[in-house]
Amino acid sequence: MARRIATVAIFLAAAVLLSSPLAGAARAAPPSPSPKQDIPAVFAFGDSTLDPGNNNRLNTLVRADHAPYGRDFPGGDATGRFSDGKLITDYIVESLGIKELLPAYHDPSLTDAEAATGVSFASGGSGLDDLTTRTAMVSTFASQIDDFKELLGRIGAPKAAEIAGKALYVLSAGTNDVTMYTVLPIQASNYPSFDEYSDFLIVRFQSYIKKTLHVLLPPLAFGGCSERPNADAQMYNTKLQQMLTKLEANCSGSTFAYVDVYTPLLDMATNPRKYGFSQTGLGCCGTGLVEMGELCTNLLPLCPSPGSYMFFDSVHPTQATYKQLADQIVQSNIPKFK
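Residues numbered from 1 in each chain as written. Predicted model: local features only at pLDDT ≥ 70, side-chain atom pairs only at ≥ 80, totals over all residues. Heavy atoms only, no water.

Q: Kindly report on the overall build of the protein, identifying the contributing residues and their values.
A: Tallying secondary structure elements over the protein gives eleven helices and seven strands in all. Scored against the burial criterion, the 338 residues of the protein give a buried share of 57%. Taking contacts inside the protein between residues at least 6 apart in sequence as the whole, the part at least 24 apart equals 75%. Entry remark: accessible area of the protein is about 13,500 Å², with carbon and sulfur atoms responsible for 55%. (Helix = DSSP H or I, 4+ residues; strand = E, 2+ residues; numbered from the N terminus. Buried < 20%, exposed > 50% of the residue type's maximum accessible area, 1.4 Å probe, protein only. Contact = heavy atoms within 4.5 Å. Areas by Shrake-Rupley, 256 points an atom, 1.4 Å probe, with all protein chains shown as cover.)

See below:
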């Protein structure tokens, strides 16, 4: 069945993993007795795919702190994660042996000790283009970086420098911008073609990250619903790959890993049984076509088994999908950082 998601962002516009020169120096030293010490913390930046609840405090429609979100999360709590359960970063920190979940930086119960082992600064609906972010009334990418600096200040030197130098960073950005330009072309007057707009996004992305790993924008449409979003996404990815290759060359000692999220997502959509899915064309919530955020509520019908669905709402993956992707990242990319 065709997946009608050409009008919305779906997944990791940026799945970025990276470590800094300090981490490279640490790997050159004698092996650590415990794998947990190799990567002491994980910090995430970006959009709804990595937001575990930072938007809960904001006056925006891009929120997931209500049922049926979180129905399969431990305790059945709607924490603000845009899924039935855990996010990809939750599975990554668990696989690394750091902790069970990656919390939201703006969680009122968060302690500095907990934050020191990693948090997510991501805000659902955010993008590299501030116009995208303002339209969604969420946190900009720049403000997320400011939050990170604030956290390091609270932790204090030299501990903050040690943690930041050895941490793993995950970023998700760009999907909402591509979607916004395609569906609601507010920026069309400034950037008549997507080629020009993608150049703008790449410059913005490069300005935000000095240490990062290659990112692939995933598909925005399946089943021939609309070919343009996929073509735009691939154009963006190509330029992003070129930019990050140059960035890596200029960041001596940093480790970059190329994470391809596009291919596994397409494989899940075309070969669902391989991954245990019975439905990849519709989300689990409501009709599965338009419901997301405030439109996905407990008043709507819900599929009986979210784990057999690729998507929970019309846009966001189920924890089963996140788990599949996290396993691939941990197996293929994380060893480069240890």
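Q: A description of the state of the cysteines should follow, citing residues and the corresponding values.
A: Here the structure, examined in full by the defined rule, presents two disulfides. The side chain of Cys284 participates in a disulfide bridge whose partner is Cys303; the two sulfur atoms lie 1.9 Å from each other. Looking along the S-S bond of the Cys284-Cys303 disulfide, the torsion reads about -100°, which is the left-handed sense. Of this pair, Cys284 sits in the loop between strand E6 (279-283) and strand E7 (309-311) while Cys303 sits in the loop between E6 and E7, placing them 19 residues apart in sequence. For Cys285, the disulfide goes to Cys296, at an S-S distance of 2.2 Å. One quick way to see it: the torsion about the S-S bond of Cys285 and Cys296 is about 120°, and its sign makes the bridge right-handed. Of this pair, Cys285 sits in the loop between E6 and E7 while Cys296 sits in the loop between E6 and E7, placing them eleven residues apart in sequence. Shown here for the protein is a disulfide pattern of 1-4, 2-3, where each number marks a bonded cysteine counted in sequence order. (Disulfide = S-S within 2.5 Å.)

Q: Before we move on, can you summarise the pairing of strand E4 (residues 168-172) with the specific residues and values?
A: As a general feature of sheets, a regular strand has side chains that alternate between the two faces. For E4, a buried count of five out of five residues is recorded, marking the element as mostly surrounded by other parts of the structure. Because side chains alternate across E4, one face comprises the buried residues Leu168, Val170 and Ser172, and the other comprises Tyr169 and Leu171, equally buried. As paired elements, strand E2 (residues 42-46) and E4 share five bridges and run parallel to each other. Across the sheet, residue Phe43 finds its bridge partner in E4, namely Tyr169. (Pairing = 2+ DSSP bridges.)

Q: Outline unusual backbone geometry, listing residues and values.
A: The amide bond that connects Ala67 to the next residue, Pro68, takes the cis arrangement and shows omega of 10°. Note that Pro68 resides in the loop between E2 and helix H2 (88-95). Each neighbour pair has its own omega, and for Ala157 with Pro158 the value is 0°, a cis peptide bond. The residue Met137 is not glycine, and still its phi comes out positive at about 60°.

Q: Mind laying out the environment of Met243, listing which residues take part and the relevant values?
A: Topologically, Met243 is positioned in helix H9 (residues 227-250). Taking the relative accessible area as the measure of exposure, Met243 reaches 6% and is therefore buried. Sequence separation of Met243 and Gln206 is 37 residues, and the distance between their C-alpha atoms is 7.6 Å. If sequence neighbours within four positions are ignored, Met243 has contacts with Ile202, Phe205 and Gln206.

Q: Talk me through the packing of H2 against helix H11 (residues 319-332); I want residue IDs and the actual numbers.
A: Orientation of H2 relative to H11, taken along the N-to-C sense of each, is 45°, at an axis distance of 8 Å. By the angle class used here, H2 and H11 are oblique. For H2 against H11, the interelement crossing comes out right-handed. Listed contacts from H11 to Ile88, Tyr91, Ile92 and Ser95 of H2 are Gln319, Tyr322, Lys323, Leu325, Ala326, Ile329 and Val330. Each residue belonging to the contact of H2 with H11 can be placed in one class, and the counts come to eight nonpolar, two polar and one charged. (Axes fitted to C-alpha atoms, helices over the stretch in contact; angles between N-to-C directions. Parallel < 35°, antiparallel > 145°, perpendicular 65-115°, else oblique. Left-handed = near helix turned anticlockwise from the far one by under 90°. Nonpolar A, V, L, I, M, F, W, Y, C, P; charged D, E, K, R; others polar.)

Q: Tell me about the packing of aromatic side chains, residues and numbers included.
A: Under the counting rule described, the total for this entry stands at 17 aromatic pairs. Residues Phe45 and Phe148 carry aromatic rings whose centres are separated by 5.6 Å and whose planes lie at 90° to one another, so their mutual orientation is edge-to-face. Of the two residues, Phe45 sits in strand E2 while Phe148 sits in helix H5 (residues 141-155), which places them 103 residues apart along the sequence. Residue Phe45 is classed as buried on the basis of its relative accessible area, which comes to 5%. Pairing Phe121 with Phe148 gives two aromatic rings, centres 5.7 Å apart and planes at 70°, and the pair type is edge-to-face. Of this pair, Phe121 sits in the loop between strand E3 (118-120) and helix H4 (130-136) while Phe148 sits in helix H5, and the two are 27 residues apart along the sequence. Relative accessible area serves as the criterion here: at 1%, Phe121 is assigned to the buried category. Within the aromatic cluster, the residues linked to one another by ring pairs are Phe43, Phe45, Tyr105, Phe121, Phe148 and Tyr169. The ring of Tyr91 carries Lys323 above its face, with NZ or CZ at 5.9 Å from the centroid. (Phe/Tyr/Trp six-rings, centres within 6.5 Å; stacked < 30°, edge-to-face > 60°. Lys NZ or Arg CZ within 6 Å of the ring centre and 35° of its normal.)

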